[in-house]
Amino acid sequence: MTGAKIPHVVVVGAGIGGLTAAALLVKAGLRVTVLEAHIYPGGSAGTFYHQGYRFDAGATLAGGFSRGGPHARLANLLGIEWPIQPVNPAWITFIEGQPIFQWAERERWREEIEQNFPESRSFWRMQEWLAEQAWQVSARNFPFPPQSLRDYGDLVKALRPSTLLAAPFALLTVGHLLPRSSSKLLKAFVDSQLLISAQTTSPHANALYGSAALDLPRRGVHHVRGGIGQLAKTLADWLTHNGGRLYYRQQVERIALRQDGSLLVYTRKGLQMQADGVVANLTPWGLAEVLGKSVPQRLQNEIHARPKGWGAFTLYLGLKKAELPAVPADHFQVVVNAGRPLGEGNSVFISLSPEDDPLRAPPGMRAATLSTHTRVEDWWLDDRSAYEEKRQAYTEKMLAAAEFALPGIRRAVRLCLPGTPRTFAFYTRRPYGMVGGFPQTSLLAARGSWTGIQNLWLVGDSIFPGQSTAGVTLGAMRVARQVLDYFSAQTEFGGLILKADRLHST
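So, here's what we can say about the structure. (Residues numbered from 1 in each chain as written. Predicted model: local features only at pLDDT ≥ 70, side-chain atom pairs only at ≥ 80, totals over all residues. Heavy atoms only, no water.)

The geometry of helix H2 (residues 70–78) relative to helix H16 (residues 468–489) is characterised by a closest axis approach of 8 Å and an angle of 50° between their N-to-C directions. Classified by the angle between their axes, H2 and H16 sit oblique to one another. Residue-level contacts link Pro70, His71, Arg73, Leu74 and Leu77 of H2 to Thr469, Ala470, Thr473, Leu474 and Met477 of H16. The residue inventory of the contact of H2 with H16, partitioned by class, reads 6 nonpolar, 3 polar and 1 charged. (Axes fitted to C-alpha atoms, helices over the stretch in contact; angles between N-to-C directions. Helix = DSSP H or I, 4+ residues; strand = E, 2+ residues; numbered from the N terminus. Parallel < 35°, antiparallel > 145°, perpendicular 65-115°, else oblique. Contact = heavy atoms within 4.5 Å. Nonpolar A, V, L, I, M, F, W, Y, C, P; charged D, E, K, R; others polar.)

To continue, consider the sheet that holds strand S14 (residues 277–280). Read from one edge of the open sheet, 5 strands run S10-S2-S1-S14-S20, paired in parallel fashion. Both outer strands of the open sheet, strand S10 (245–247) and strand S20 (456–458), are each paired with one neighbouring strand and no more. Each strand axis lies, on average, 15° off the axis of its neighbour in the sheet, ignoring direction. Alignment of strand S1 (residues 8–12) against strand S2 (residues 31–35), held across 5 bridges, turns out to be parallel. If you follow valine 9 over to S2, its bridge partner there is valine 32. Contacts from H16 reach S1, S14 and S20 within the one sheet, and its direction differs from that of S20 by about 170°. (Pairing = 2+ DSSP bridges.)

The next point concerns the pattern of salt bridges. Inspection of every chain in the model, using the stated rule, returns 22 salt bridges. Here arginine 375 makes a salt bridge to aspartate 378, at a shortest N to O gap of 3.3 Å. (Salt bridge = Lys/Arg side-chain N within 4 Å of Asp/Glu carboxyl O.)

Quick look at the layout of surface pockets now. Taken as a whole, the second largest pocket encloses approximately 450 Å³ of empty space. Taken together, 23 residues form the lining of the second largest pocket, with Gln199, Pro307, Lys308, Phe438 and Pro439 sitting closest to its centre. (1 Å grid on protein atoms, 1.4 Å probe; cavity = no way out; pocket = protein on both sides within 12 Å on 5 of 7 lines; lining within 4 Å. Points joined across faces, edges and corners; volume = space filled by probe spheres on them.)

Right, let's talk about the environment of glutamine 300 for a bit. Topologically, glutamine 300 is positioned in helix H12 (residues 297–305). In this structure, the C-alpha to C-alpha distance between glutamine 300 and glycine 277, residues 23 residues apart in sequence, is 21 Å.

Attention now goes to the environment of phenylalanine 349. Inspection of the secondary structure puts phenylalanine 349 in strand S17 (residues 347–352). When the C-alpha positions of phenylalanine 349 and tryptophan 82 are compared, they lie 24 Å apart, and in sequence the two are 267 residues distant. Apart from the residues lying within four places of it in its own chain, the contact partners of phenylalanine 349 are Thr60, Leu61, Trp91, Ile196, His331, Phe332, Gln333, Thr369, Leu370 and Ser371.

So, on to a nonpolar patch on the surface. Among the surface-exposed residues, Met126, Trp129 and Leu165 lie close enough to one another that they form a single nonpolar patch of about 280 Å² accessible area. For leucine 165, the location among the structural elements is in helix H6 (residues 161–166). Judged by relative accessible area, which is 59%, leucine 165 ranks as exposed. (Patch = residues over 30% accessible without salt bridge, like charges linked within 9 Å, V, L, I, M, F, W, Y side chains within 5 Å. Areas by Shrake-Rupley, 256 points an atom, 1.4 Å probe, with all protein chains shown as cover. Buried < 20%, exposed > 50% of the residue type's maximum accessible area, 1.4 Å probe, protein only.)

It is worth stressing that arrangement in space is one thing and function is another; only the former is reported here.
See below:
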């Protein structure tokens, strides 16, 4: 890059998306500074320490490490090794007490379907085929949604005959694929899987995205040794060891636009930093807050029109190992009543720390994270006593649901920490405590990284494909290419074009 000015990019937030984009930009030769409000990286995919336990704050399992997956591709690019171990079964789902095992092996999974839902054979065959098309497309860096002429060109190059055959399903939902004779249990099972992986249920989940989401256990699910936050720590360590800068306890409170096109980033502690570009690991609402009066009209329109996303009610439990029942898995999903709407304690995901991971809990104990989808609006109560009463009621609902998977769990509890959307808002700085990204309904409404400001990009679970650390990583890889394309097109940064092309080839 002799003779070319090296751009300085500021990344707001050390979540998986922000750190992934930051690491790739450092690898491409840019100067990168990451500003994180908290004392550790990871955000909603972080792990926090309390009384000898390491609790996963939100995400507890990760996929995308198998060949061609986003985490595997990122590891190859950066030359890193993830601290992971495979999980099989991925989890066990209990529908009104009936267990369904999410096996990694396809033949074993098909036997599970035959045993529990024999009427749905054709549905699962179609789901597998559509999932394969979706995974192949993602492995070819399918630039969706397209935001530039280059994106449209790359999109055409990524098409294959099988892609075109699957294209009509982009306008359908998973509900269109389900047999009309679907039992109450089958629909509840499919909907419960989609809710945790696509943030919506079969009548609304896009058929292509939803099929890929239903296929996650067959694509390989992994524990992260030491907690899910070790993914972010691995990236943070790589970043700082390779020339990037990472500052904790630096909450960004304002981003200002300068007349020369650069940006000024201000933190609550008085740090001021000039940037040629900014990558914001924020939600659209969070970005609007820091832009203040400089919010572009299109972004303003979006945050007024877009429905708020889901929040989570969580329980972080310290459990006496000797008082837990013997179980064949560490992860469970419980649907208490198949006839009622999911979330709000009627569907609960439960993750136990692995017995062979001594970093997660004191001797003789296990850490557990329980979570359920909840409406964020319902938790912002002015009456403190009403808020505490609601929190206690949800705690009881969660423990009651957990009894389906772990009978007698109450007597094993030695520590119980509840978390609400207000808790997430406080610790993650996400407005309203929203987590998990937007429901994946119509692909035509998929959100890209646009902000209305040409050298400011969004990254994280708000941009397509959104959900999961794998989805966030895939989105961040694309954002890194967009950032490099932008600087390569600028005369003063023209020397970057070769490294930008190198990332395009991954």
